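Structural overview for review
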Amino acid sequence: MDPTTTSDELWSAVETFDAEAAELAIARLLWDVPLSAAVTGVVLPFLGEVGDRWEAGTLSVAHEHFVSDMLRRKLTALTAVPPTPVLQDASAAAPVVLLACPPGERHDMVLLCVALMLRERGVRARFLGADTPVPAIRTAARAAGADAVVLAARRPTTFTAHASALRRLAADHPVYAAGRGADAQTLEEIGARPLPADPVRAVVVLVGELSELSGSW
Ligand code: B12
């Protein structure tokens, strides 16, 4: 795969709302390379460029919605792929990680990429996605027996508005906070642990910490 070619193909398809060509470019990309390479090589730079073009006023809201929706659908479809052999073996005791955005946060695409990369590394990822009430996250974390919870938000206030509920969650499960809203002061206020801003590095760090937390895995 040549990321530049894929990105060029995608852009020309997006400009004319050519859903079939865009689907093909994304499908080829995700078929050809390991997920983490596709995420770092194309998906994240592409989303960043969508943002830059949108902010510069050279990409319409319609284009942004079109491409965001398509990428999200393609990435979500990857969760329909049968789990890796290690996840089919219940005795392997792979750790469970629950991922969600707090209430009011709809930017969940990077979090979805992280969920998929964790799954690729043999983690049982449970993705709740955007705009999830904190009590619902807590109930799900308990029911799933989560070894860790990963939250993402763009603004510190999206976390701090629920500081006491998040601290209660962090008392029961290790909570990691990421995204632009996860500054040091916010992490301290909600009792969360940091993750690297780079999603691929974050997955490496998380997998390392999970294997320490869950011992035998
Ligand atoms: C796509 C997009 C949307 C999509 C989201 C689709 C989805 N399901 O994710 C939709 C259409 C839903 C959307 C909605 C809105 N959006 Co919007 N959106 C964007 C856009 C264009 C791209 C976001 C993105 O994915 N960026 C690419 C990633 C790669 O960059 P990043 O988010 O900064 O993340 C980096 C790190 O923070 C980190 N990271 C992020 N999350 C995580 C998670 C983990 C676990 C880890 C480890 C790392 C990590 O990884 C990235 C690389 O380092 C940005 C523009 C931009 N410049 O980002 C606006 C932008 C974020 N949106 C914005 C706004 C205002 C909105 C709306 C309020 C618009 C409206 N009026 O309706 C709504 C609702 C927002 C809400 N309530 O949450 C503003 C935010 C302003 C602010 N200061 O917070 C932006 C910056 C655009 C702008 N300049 O106005 N949006």
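Everything below is about the structure shown above.
Read on for a plain summary of the structure. For every chain, the first residue of the written sequence is number 1, and numbering continues from 1 onward in sequence order. At least 70 in pLDDT is required for a residue's local features to be given in this predicted model, at least 80 for side-chain atom pairs to be given and counted, and no such filter applies to totals for whole chains, interfaces and linings, which use all residues. Here the side-chain values reflect all heavy atoms present in the structure, with hydrogen atoms and water set aside.

A word on the packing of aromatic side chains
What describes a pair of aromatic rings is the distance from one ring centre to the other and the angle between the planes of the rings. Only centres within 6.5 Å qualify two rings of Phe, Tyr or Trp (six-membered ring in Trp) as a pair; their planes then separate them into stacked at under 30 degrees, edge-to-face at over 60, and tilted for everything else. On inspection of all chains with the given rule, the structure shows 2 aromatic pairs. Each ring, one from Trp11 and one from Phe46, has its centre 4.6 Å from the other, and the planes form 40°; the classification is tilted. Here the residue Trp11 occupies a position in helix α1 (residues 3-15), and Phe46 occupies one in helix α3 (residues 35-55), the gap between them amounting to 35 residues. Of the two residues, Trp11 and Phe46, neither departs from the other in class, the shared state being buried. Measuring from ring centre to ring centre gives 5.2 Å for Phe17 and Phe66, while their planes differ by 70°; the resulting arrangement is edge-to-face. Placement of Phe17 in the loop between α1 and α2 (19-32) and of Phe66 in helix α4 (residues 61-77) is noted, with a sequence separation of 49 residues between them. Each residue is assigned to one of three classes by its accessible area relative to the maximum for its type, calculated with a 1.4 Å probe on protein chains only: buried under 20%, partly exposed between the two thresholds, exposed over 50%. Judged by its relative accessible area of 38%, Phe17 falls in the partly exposed class. Stacked on the ring of Trp11, the Lys or Arg Arg53 has its end atom at 3.7 Å from the ring centre. The secondary structure listing takes helices from DSSP runs of H or I that are at least 4 residues long and strands from runs of E that are at least 2 residues long, numbered from the N terminus. We count a charge as sitting over a ring when the NZ of a lysine or the CZ of an arginine lies within 6 Å of the ring centre and within 35 degrees of the ring normal.

Observations concerning the coordination of the cobalt atom of the ligand
By definition of the ideal shapes, a tetrahedral metal site with four donors has angles of 109.5 degrees and an octahedral site with six donors has angles of 90 or 180 degrees. You will see that the cobalt atom of the ligand has only one donor from the protein, His107 (NE2), lying 2.3 Å away. Looking at the element boundaries, His107 is found in the loop between β1 (96-100) and α6 (109-120). Sodium, potassium and calcium take a 3.2 Å donor cutoff, other metals 2.8 Å, and in both cases only N, O and S atoms count; water is not among them, so sites may look incomplete.

A look at the site of the ligand
Taken together, the neighbourhood of the ligand is formed by 30 residues, with Gly104, Arg106, His107, Asp108 and Arg180 sitting nearest. Definition of a polar contact: a pair of N or O atoms within 3.5 Å, with one able to donate and the other able to accept a hydrogen when the atoms are protein atoms, and with sequence-neighbouring residues admitted only if both atoms are side-chain atoms. Asp108 has a polar side-chain atom sitting 2.7 Å from a nitrogen atom of the ligand. Counting only elements with at least two residues in the shell around the ligand, the list comes to α3, α4, α6, β3 (148-152) and α11 (199-213). Among the elements that line the shell around the ligand, the one with the most residues is α3, at 6 residues. Here the residues of the shell around the ligand are counted per class, giving 14 nonpolar, 7 polar and 9 charged. Three or more residues apiece are contributed to the shell around the ligand by two domains, here domain 1 (3-80) and domain 2 (88-213). Throughout, the term near means that a residue has one or more heavy atoms lying within 4 Å of the molecule or strand in question. Nonpolar residues are Ala, Val, Leu, Ile, Met, Phe, Trp, Tyr, Cys and Pro. Charged residues are Asp, Glu, Lys and Arg, and all others, Gly as well, are polar. Segment limits for the domains were obtained from an automatic or database-derived domain assignment.

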